[in-house]
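# Notes for the structure review
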Amino acid sequence: MSEHQVDGLPSGAPQISYAQVKATPESFKGQPVTFGGKVLKARRLKEGTRIEILQLPLTPSLQPTMDLSRSEGRFVALQKDFLDPATIPPGTFLTVTGEMAGTIVLPLDETEYTYPLIQIGNLRVWAENDEDPPRIHRPIGPSPYWGPYWSPYWSPWPYFW
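Rules used throughout
Residues numbered from 1 in each chain as written. Predicted model: local features only at pLDDT ≥ 70, side-chain atom pairs only at ≥ 80, totals over all residues. Heavy atoms only, no water. Salt bridge = Lys/Arg side-chain N within 4 Å of Asp/Glu carboxyl O. Helix = DSSP H or I, 4+ residues; strand = E, 2+ residues; numbered from the N terminus. Buried < 20%, exposed > 50% of the residue type's maximum accessible area, 1.4 Å probe, protein only. Pairing = 2+ DSSP bridges. Axes fitted to C-alpha atoms, helices over the stretch in contact; angles between N-to-C directions. Phe/Tyr/Trp six-rings, centres within 6.5 Å; stacked < 30°, edge-to-face > 60°. Lys NZ or Arg CZ within 6 Å of the ring centre and 35° of its normal. Polar contact = N/O pair within 3.5 Å; in protein donor to acceptor, adjacent residues only side chain to side chain. Contact = heavy atoms within 4.5 Å.

## Here we look at the pattern of salt bridges
Within this structure, the stated rule accounts for two salt bridges. For E52, the salt bridge goes to K41, with nearest N and O atoms at 3.8 Å. With E52 in strand β4 (residues 48–56) and K41 in strand β3 (residues 32–45), this pair connects stretches of sequence that are eleven residues apart. Residue K41 is classed as partly exposed on the basis of its relative accessible area, which comes to 47%. For E52, the salt bridge goes to R74, with nearest N and O atoms at 2.6 Å. Note that E52 is positioned in strand β4 and R74 in strand β5 (residues 74–79), a separation of 22 residues in sequence. Residue classification places E52 among the buried residues on the basis of a relative accessible area of 7%. Several salt bridges share partner residues, and in doing so they unite K41, E52 and R74 into one network.

In structure tokens, the structure reads:
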């Protein structure tokens with residue numbers, strides 16, 4: 001049986017939850033994980049690009065939920081190959097699959113925060129409307145092209161946005 005994937009991200013494998021990793025990150029070192037969230041900041045360093053992410057639960061299609069109140073914390077994802085931080089600006093929603101690499105302690109406001117650290121294997125960037133059905137946008141009301149013949153610019157039905 002082949003493993004089901006969404007844009008290179010495994011979706012049928014048993015998942016290690018963020019709560020499990022946050023509680024005992026060292027016990028999952030070297031294991032594959034898939035987390036999602038919202039980019040808080042990305043920074044290019046000598047060892048790669050470090051992305052700080054607000055964790056968010058994933059939908060069945062592995063897209064992070066947009067409800068920030070459901071976050072259980074933060075994590076850091078590290079991309080060893082070059083990744084321009086401008087391609088993942090703050091506010092970007094993404095899903096990361098990779099290997100747990102322990103933790104990293106970084107300043108957070110006036111405290112220190114211990115972030116679970118993931119070495120990125122796959123990274124999927126989501127647009128906010130990726131799961132929305134496509135919409136057809138048409139002007140409201142009748143078209144100026146009235147007439148007894150069909151026109152691609154006119155319809156007797158009202159238009160909706």
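## Some remarks on the sheet that holds β4
With respect to topology, five strands assemble into a closed barrel ordered β3-β4-β5-β7-β6, the strand pairing being mixed. With strand direction ignored, the average angle separating the axes of adjacent strands in the sheet is 40°. Bridge analysis of β3 against strand β6 (residues 93–108) gives seven bridges, and the strand direction is antiparallel. Opposite T34, over in β6, you have T97 as the bridge partner.

## Let's talk about the packing of aromatic side chains
The tally for this structure, following the rule as stated, stands at four aromatic pairs. Ring geometry for Y18 against F35: centres 5.5 Å apart, planes inclined by 75°, an arrangement best described as edge-to-face. Note that Y18 is positioned in helix α1 (residues 18–23) and F35 in strand β3, a separation of 17 residues in sequence. Y18 gets classed as buried once you look at its relative accessible area, which sits at 4%. You can call F35 buried: its relative accessible area is 3%. Every member of this aromatic cluster is reached through a ring pair, and the members are Y18, F35 and F75. The ring of W126 is capped by R124, whose NZ or CZ atom sits 3.9 Å from the centre of that ring.

## Things to note about the pairing of β3
Relative to β4, β3 runs antiparallel, the two sharing nine bridges. Bridging from a neighbouring strand, R43 pairs with R50 of β4. A loop of two residues connects β3 with β4, the two strands running antiparallel in sequence.

## Focus on the side chain of T49
Turning to its location among the elements, T49 is positioned in strand β4. Accessibility expressed as a relative area gives 0% for T49, which makes it buried. A polar side-chain atom of T49 sits 3.2 Å from a polar atom in the side chain of R44. What T49 contacts, discounting residues up to four positions off in sequence, is R43, R44, A77, L78, Q79, L83 and P85.

## Describing the environment of A23
In this fold, A23 is placed in helix α1. Judged by relative accessible area, A23 falls into the exposed class, the value being 60%. Residues A23 and P116 lie 93 residues apart in sequence; the distance between their C-alpha atoms is 9.6 Å.

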